[in-house]
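# Breakdown of the fold
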Amino acid sequence: MAGFDKVVSSYEEAMAGLTDDMTVIAGGFGLCGIPENLISEIKRKGTKGLTLVSNNCGVDDFGLGVLLIDRQIKKIVASYVGENAEFERQMMAGELEVELTPQGTLAEKMRAGGAGIPAFYTATGVGTPVAEGKDERTFNGRNYILEEAIVGDFAIVKAWKADRFGNLVFRKTARNFNPMAATAGKITVVEVEEIVEPGELDPDQIHTAGIYVDRLILGSFEKRIEQRTIRPSSAKGDK
Amino acid sequence: MALSREQIAQRVAQELQDGYYVNLGIGIPTLVANYIPDNMEVMLQSENGLLGMGQFPTEEEIDADLINAGKQTVTMAKGASIFDSAESFAMIRGGHVDLTVLGAFEVDVNGNIASYMIPGKLIKGMGGAMDLVAGADNIIVTMTHASKHGVSKLLSNCTLPLTGKSCIKKVLTDLAFIEIKEGKFHLLERAPGVSVEEIIKLTEGELVVTGDIPEMTF
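Residues numbered from 1 in each chain as written. Chains lettered and ligands numbered in written order. Predicted model: local features only at pLDDT ≥ 70, side-chain atom pairs only at ≥ 80, totals over all residues. Heavy atoms only, no water.

The interface of chain A with chain B comprises 56 residues on the first partner and 52 residues on the second. When the buried area of chain A at its contact with chain B is split by residue, T173, T229 and R231 of chain A rank highest and sum to 15% of it. Between chain A and chain B we count 7 salt bridges in total. Taken together, the links from chain A to chain B amount to 30 residue pairs in polar contact (both at pLDDT 80 or more). (Contact = heavy atoms within 4.5 Å. Buried area = accessible area lost by both parts, 1.4 Å probe. Salt bridge = Lys/Arg side-chain N within 4 Å of Asp/Glu carboxyl O. Polar contact = N/O pair within 3.5 Å; in protein donor to acceptor, adjacent residues only side chain to side chain.)

Our next topic: the pairing of strand β8 (residues 139–143) of chain B. Residue and element names in this part refer to chain B. The element β8 is extensively covered by neighbouring structure, given that 5 of its 5 residues are classed as buried. The alternating pattern of β8 places I139, V141 and M143 and I140 and T142 on opposite faces, both of which are buried. Relative to β8, strand β5 (residues 99–103) is paired through 4 bridges, and the arrangement is parallel. Paired with G103 across the strands is T142, a residue of β8. As paired elements, β8 and strand β10 (residues 170–173) share 4 bridges and run parallel to each other. The partner of I140 across the bridge, within β10, is K170. (Buried < 20%, exposed > 50% of the residue type's maximum accessible area, 1.4 Å probe, protein only. Helix = DSSP H or I, 4+ residues; strand = E, 2+ residues; numbered from the N terminus. Pairing = 2+ DSSP bridges.)

Moving on: the packing of helix α5 (residues 103–115) of chain A against helix α3 (residues 85–93) of chain B. Packing of α5 of chain A against α3 of chain B leaves a shortest axis separation of 9 Å and a crossing angle of 125°. Regarding the angle of α5 of chain A to α3 of chain B, the classification is oblique. In the crossing of α5 of chain A with α3 of chain B, the sense of the turn from one axis to the other is left-handed. Contacts from Q103, G104, T105, A107, E108 and R111 of chain A in α5 of chain A reach S85, A86, F89 and R93 of chain B in α3 of chain B. In the contact of α5 of chain A with α3 of chain B, the residues fall into 3 nonpolar, 4 polar and 3 charged. (Axes fitted to C-alpha atoms, helices over the stretch in contact; angles between N-to-C directions. Parallel < 35°, antiparallel > 145°, perpendicular 65-115°, else oblique. Left-handed = near helix turned anticlockwise from the far one by under 90°. Nonpolar A, V, L, I, M, F, W, Y, C, P; charged D, E, K, R; others polar.)

Let us look at the nonpolar core. Of all hydrophobic cores here, the largest spans 55 residues; its most connected members are V22, V107, I113, V141, I168, F185 and L187 of chain B. Residue contacts for L187 of chain B: discarding those within four places in its chain leaves A176, F177, I178, V196, I199, L207, V208, V209 and I213 of chain B. Membership of the second largest hydrophobic core comes to 39 residues, among which are A14, L18 and F87 of chain A together with I123 of chain B. (Core = buried A, V, L, I, M, F, W, Y, C linked by side-chain atoms within 4.5 Å.)

It is worth stressing that arrangement in space is one thing and function is another; only the former is reported here.
Rendered as structure tokens:
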């Protein structure tokens, strides 16, 4: 690496420095836009005691779910989980700590973490179990709870395209949590489908600026589909 | 006769207005998309980062990078836009979405809603529901009026952990269309062939019935 060139050539190098008990923020929604190969590398390394922050936790054999098998996850902060049997088992057995966080609050926690804002007030969760133990304040006659930002030791991100400087472009709804995750890692690692030379991306079309990105790697992706819903080629209907 | 899932969706669709931005939850609310009147333009917001959700793709159109909040493959409607999750919830929390439709386990006379967790069973999480009920002003809850065993889900006090407090004003069940105000349920419409008495019997919270209650029309 030299100057602003963020490209690394191996997944080992991409995840170097990840050690036990760290916090990892991961982009993705369901199995869409997840950093598949970076997750595989964490599995290969066998890092344990991880706190994972991600909207979901994958399925049994794909996505973050693969880290459950070897008990690499100590705690998960997510809005919606339990799409896999092993997750359910570990959670019910008390082996896995789960901190359920409203989806918008989770996105904002990452955004705030990346922007140097330690906490923020939100109406989401007022009067619910989410509010327990949190500071509550009234602004303009409405109640809000204080939510703290999240910063990760690592953030793992999937983008579509990047230039060597780490400027990122996402594709369709695979964007989801990835841009916020990218800002909130002490070390942000991004894997992409295509790397181009600096200057080849239109600066107006860049979603995430390279300043947030520490390491960039070219990957190939399975892109598994969780719910394959289709309509017949000729019909107007919904299914 | 109690409404079918499709009929619930159809009745909700009558509440749509031209130019509405609408967020539809998973399950029955999703079906509302099938009943948008032809003469109306409605833009569907999917909280994973899509405004202008289209119909399901054909086999040829399937794209793993394009899903809705239910993780189903979808397409984009003309004029769609894509954004990240923080932006998506800025729309929701900022009160920019005109109508939100979502399901529930229970609602009560104070507009409280419980929809995400049954203690002792597997807890899957609230997803975006807490943000939606806290951020939206115009919410319709779709649900069955009572359990299979005849236990009311329209209560004086929710028994399950809440998704949101004092935020629900309209509930459409398989039996009735109900408004919540001043700490009471108010019966607005009944499902075709369902009597007011039947609805009263299956509503545990205080239900106000004023004058003749019209049947829903489709």
